[in-house]
Amino acid sequence: MAQKPSIPKGTRDFSPTEMVRRNYIFDTIKSVFQLYGYLPIETPAMENLSTLLGKYGEEGDKLLFKILNSGDYISKVPNPKIQNPKTSEITSFISEKGLRFDLTVPFARYVVQHRNDITFPFKRYQIQPVWRSDRPQKGRYREFFQCDVDVIGSKSLLNEVELIQIINDVFSRLSINCTIKINNRKVLAGIVEYIGEIEKFTSITVAIDKLDKIGIDNVKQELSLVGVSEKAIRQLSSILDFEGDMNENVVYLGKFFESVEIGKEGINEVKKVLSYLDGLNLSSKVEFDLTLARGLNYYTGAIIEVVASDVQIGSICGGGRYDDLTGIFGLPDVSGVGVSFGADRIYDVMLEKNLFPEGAQETTQVMFVNFGEKEQKYCLPFTHQLRSSGINAELFPEPAKLKKQMNYANNKNIPFVVLVGDNEMKGNYLTVKNMNSGEQKQMSLEEIISQF
RNA sequence: GUGGAUGUAGCUCAGUAGGUUAGAGCACUAGAUUGUGGUUCUAGGGGUCGCCGGUUCAAAUCCGGUCUUCCACCCCA
């Protein structure tokens, strides 16, 4: 033990208690996905850099983990570049693979590659880890799991509505209070067009995304810093200033868009989604939030984000519609929409709010104490019979001190311990100890089985 | 990528005007109790004080660097 072993920055081990809880999250998410008719797929941890680069904006490219080529990779670098190395120039020579950054882009790649085997609209879900070389902090890891659901090959807004229902179902099953925020990139595009700053679309949306965090004055300051004109800023703030309920806000915005085609389209989409939702009586709050932007560049229509109530951890689920993600891979005009659940953040929220059910801890239901060679042989068939009846059972593998065996059962939360020694074997009964009450009873195996 | 804080036993943490052999609780092992755990008592094992270097007769303690974790920014699940 000269050096203590460790794991890379921003990664974590998951011990049994944590895994039981994580599986609880994955299982409920999975069962909701299946309830709506989605099917699972998996894609490799690494993708070619060419499929990853340029899909997440400049910031995203920086956060990609790149994998060094195998073999003598340095010999492939042209000589002049080695003499005077610049990271940006030599990476393309020494790395051609990277760890996936999300599940949506690999999915688009998958769809293009398997287009002839897929029946559209294609509804799939995918639960796998992704990697980002971000600086870790609360709720932010370098390796984390995403749970994606997407429908691809359908422009219908029913898909947006369905995804919102799925979000609602998942979080209500997990007992998490949350707000589902929706917006539409076309609305944002409309605003930017209305104020005459089309070419600054990205910086403007990024700025207004921060509105509730840094306030209107700081947003204005940031906008003028990136070169948005004073007049445009004034127009923008009059749009953002509006206070009213969701429906009033939609009507108010509509007025600005009388001559802005894309904005009108966006507003109509929002209206339609909201009207469908009206009849569904969801338990979660759904909000139209003009300041919701989302950083990923490939979104073109609806955008969705979910924040947990009373826990400050960023969004626990997010997504949107992408009209042409498959286009970059050579299959144009296939629109898709999807959301991604952040399992690790959901875990953190549930831990903080104490939402994990108690019983999720239980593994072994009955343990046989091991008193020695003779007893082992005598007990083994009993464990087998219990398992055949669907009861989790184990026989302690060593004839260890009783104290150690009881301690093991106690730490593992095993509710029943069976003691079988000379007396029991002679009398043909089993001594069963209830580990919660401490009480002991003589029973037959059938009686034990009938207890469960 | 920028700024700030942090790091002592498996875990949570004490320990500075630099000075013998670095402590506690929990956990672990053994015994009190040779067939009874979760309560109690006793004893024991376990640390090159994150790592590297510097100052000093002497460094867990002071200085520099580096890494980790945490927090804010950027961005995001």
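Residues numbered from 1 in each chain as written. Chains lettered and ligands numbered in written order. Predicted model: local features only at pLDDT ≥ 70, side-chain atom pairs only at ≥ 80, totals over all residues. Heavy atoms only, no water.

Visitor: Just checking my understanding: could you explain the overall build of chain A for this structure?
Guide: In terms of helices and strands, chain A carries 18 helices and 16 strands. Its C-alpha atoms give chain A a radius of gyration of 29 Å, more than 25% over the compact-globule value 22 Å for 452 residues. Reported as C-alpha extents along the three principal axes, the dimensions of chain A are approximately 95 × 65 × 45 Å. Within chain A, the proportion of its 452 residues that are buried is 48%. When contacts within chain A are restricted to residue pairs at least 6 apart in sequence, long-range pairs at least 24 apart make up 70% of them. Of the roughly 23500 Å² of accessible surface on chain A, a fraction of 49% belongs to carbon and sulfur atoms. Taken as two groups, the 53 positive and 58 negative side-chain charges of chain A have centres that lie 5 Å from each other. (Helix = DSSP H or I, 4+ residues; strand = E, 2+ residues; numbered from the N terminus. Rg over C-alpha atoms; globule rule 2.2 N^0.38 Å. Buried < 20%, exposed > 50% of the residue type's maximum accessible area, 1.4 Å probe, protein only. Contact = heavy atoms within 4.5 Å. Areas by Shrake-Rupley, 256 points an atom, 1.4 Å probe, with all protein chains shown as cover. Lys, Arg positive; Asp, Glu negative; His and termini not counted. Charge placed at Lys NZ, Arg CZ, Asp CG, Glu CD.)

Visitor: Looking at this model, I keep getting lost on the state of the cysteines. Mind explaining?
Guide: Each disulfide consists of a covalent bond between the sulfur atoms of two cysteine residues. Using the criterion set out here, one finds zero disulfides in the structure. Cys317 provides the cysteine sulfur closest to Cys147, a residue in no disulfide bond, and the two sulfurs are 9.1 Å apart. Note on Cys147: relative accessible area 0%, which makes it buried. (Disulfide = S-S within 2.5 Å.)

Visitor: Can you walk me through the pairing of strand 11 (residues 336-342) in this structure?
Guide: The side chains of a regular strand alternate, residue by residue, between the two faces of the sheet. Counting buried positions over the seven residues of strand 11 gives seven, a clear majority of the element. Burial along strand 11 is two-sided: the face carrying Gly336, Gly338, Ser340 and Gly342 and the face carrying Val337, Val339 and Phe341 are both buried. Where strand 10 (residues 315-322) and strand 11 come together, six bridges link them in antiparallel fashion. Considered in strand 11, the bridge of Gly319 is made with Val339. (Pairing = 2+ DSSP bridges.)

Visitor: I would appreciate a short explanation of the sheet that holds strand 16 (residues 440-443) in the present structure.
Guide: Where strands meet in a sheet, backbone hydrogen bonds hold them as pairs that are either parallel or antiparallel. The sheet built from five strands is open, its strands ordered 13-12-14-15-16 with mixed pairing. Each edge of the open sheet carries a strand with a single partner, namely strand 13 (393-395) and strand 16. Direction aside, the axes of adjacent strands within the sheet are offset by 25° on average. Relative to strand 16, strand 15 (residues 430-434) is paired through four bridges, and the arrangement is antiparallel. (Axes fitted to C-alpha atoms, helices over the stretch in contact; angles between N-to-C directions.)

Visitor: Would you mind showing me how to read the domain arrangement of chain A here?
Guide: Where interface size is given, it is often the accessible area lost as the parts come together that is meant. Segmentation of chain A into domains returns domain 1 (8-177 + 310-361), domain 2 (187-288) and domain 3 (363-451). Placing a centre on the C-alpha atoms of domain 2 and another on those of domain 3 gives a separation of 65 Å. (Domains from an automatic or database assignment.)

Visitor: Before we go on, may I ask you to explain the packing of aromatic side chains in this structure?
Guide: Aromatic ring pairs: the centre-centre distance and the angle between the two ring planes describe each pair. Scanning the model with the defined rule gives 18 aromatic pairs in all. Relative to Tyr299, the ring of Tyr298 lies with its centre 5.0 Å away and its plane at 65°, an arrangement referred to as edge-to-face. Since its relative accessible area comes to 7%, Tyr299 is described here as buried. Members of the aromatic cluster, connected to one another through ring pairs, are Tyr56, Phe101, Tyr298, Tyr299 and Tyr322. Between Arg22 and the ring centre of Phe14, over which it is positioned, the NZ or CZ distance is 3.7 Å. (Phe/Tyr/Trp six-rings, centres within 6.5 Å; stacked < 30°, edge-to-face > 60°. Lys NZ or Arg CZ within 6 Å of the ring centre and 35° of its normal.)

Visitor: Can you help me understand the nonpolar core in this one?
Guide: Buried together is how nonpolar side chains tend to be arranged in soluble globular proteins. Grouped together as the largest cluster of nonpolar side chains are 97 residues, with contacts concentrated most on Phe171, Phe341 and Ile346. The leading source of residues in this core is helix 7 (residues 158-173), at seven residues. Mapped onto the domain boundaries, this core takes at least three residues apiece from domain 1 (8-177 + 310-361) and domain 2 (187-288). Once residues within four sequence positions are removed from consideration, Ile346 is found in contact with Ile25, Ile29, Phe171, Leu174, Ile176, Ile316 and Phe341. In terms of nonpolar packing, the next biggest core, distinct from the first, is built from 17 residues, Phe382, Val418, Leu445 and Ile448 among them. (Core = buried A, V, L, I, M, F, W, Y, C linked by side-chain atoms within 4.5 Å.)

Visitor: Is there a simple way to think about helix 16 (residues 402-411) in this case?
Guide: Given 3.6 residues to a turn, an α-helix orients residues that are three or four positions apart in the same direction. The set of residues buried in helix 16 consists of Gln405, Met406 and Ala409. The buried side chains of helix 16 occupy one side of the element, clustering within an arc of 95° when seen end-on. Seen from the buried face of helix 16, the exposed residues on the opposite side, beyond 90 degrees, are Lys403, Lys404 and Asn411. Positioned one or two residues after helix 16, Asn413 has a phi angle of 65°, which is positive. (Arc of directions from axis to C-beta.)

Visitor: Would you explain the packing of helix 7 against helix 13 (residues 261-278) in this entry?
Guide: For any two helices packed against each other, the geometry comes down to the angle between their axes and how far apart the axes lie. Relative orientation of the contacting elements helix 7 and helix 13 amounts to 50°, with a least axis distance of 9 Å. With respect to helix 13, the axis of helix 7 lies oblique. Pair helix 7 / helix 13 crosses with right-handed handedness. Judged by residue contacts, Leu158, Glu160, Val161 and Ile164 of helix 7 engage Val273, Tyr276 and Leu277 from helix 13. (Parallel < 35°, antiparallel > 145°, perpendicular 65-115°, else oblique. Left-handed = near helix turned anticlockwise from the far one by under 90°.)

Visitor: Can you help me understand helix 14 (residues 343-352) in this one?
Guide: Burial runs high along helix 14: seven of the 10 residues are buried. Of all the residues in helix 14, the buried ones are Ala343, Asp344, Ile346, Tyr347, Asp348, Val349 and Met350. For helix 14, the secondary structure elements touched by its buried residues are helix 1 (16-35), strand 6 (143-152), helix 7, strand 9 (302-308), strand 10 and strand 11.

Visitor: Is there a simple way to think about the sheet that holds strand 9 in this case?
Guide: Here we have eight strands laid out as an open sheet, ordered 1-5-6-11-10-9-7-8, and mixed in their pairing. Looking along the sheet, the strands with just one partner apiece sit at the ends: strand 1 (39-40) and strand 8 (285-288). Pairing analysis gives two bridges linking strand 1 to strand 5 (residues 122-131), with the strands arranged parallel. Note that in strand 5 the partner of Pro40 across the bridge is Tyr125.

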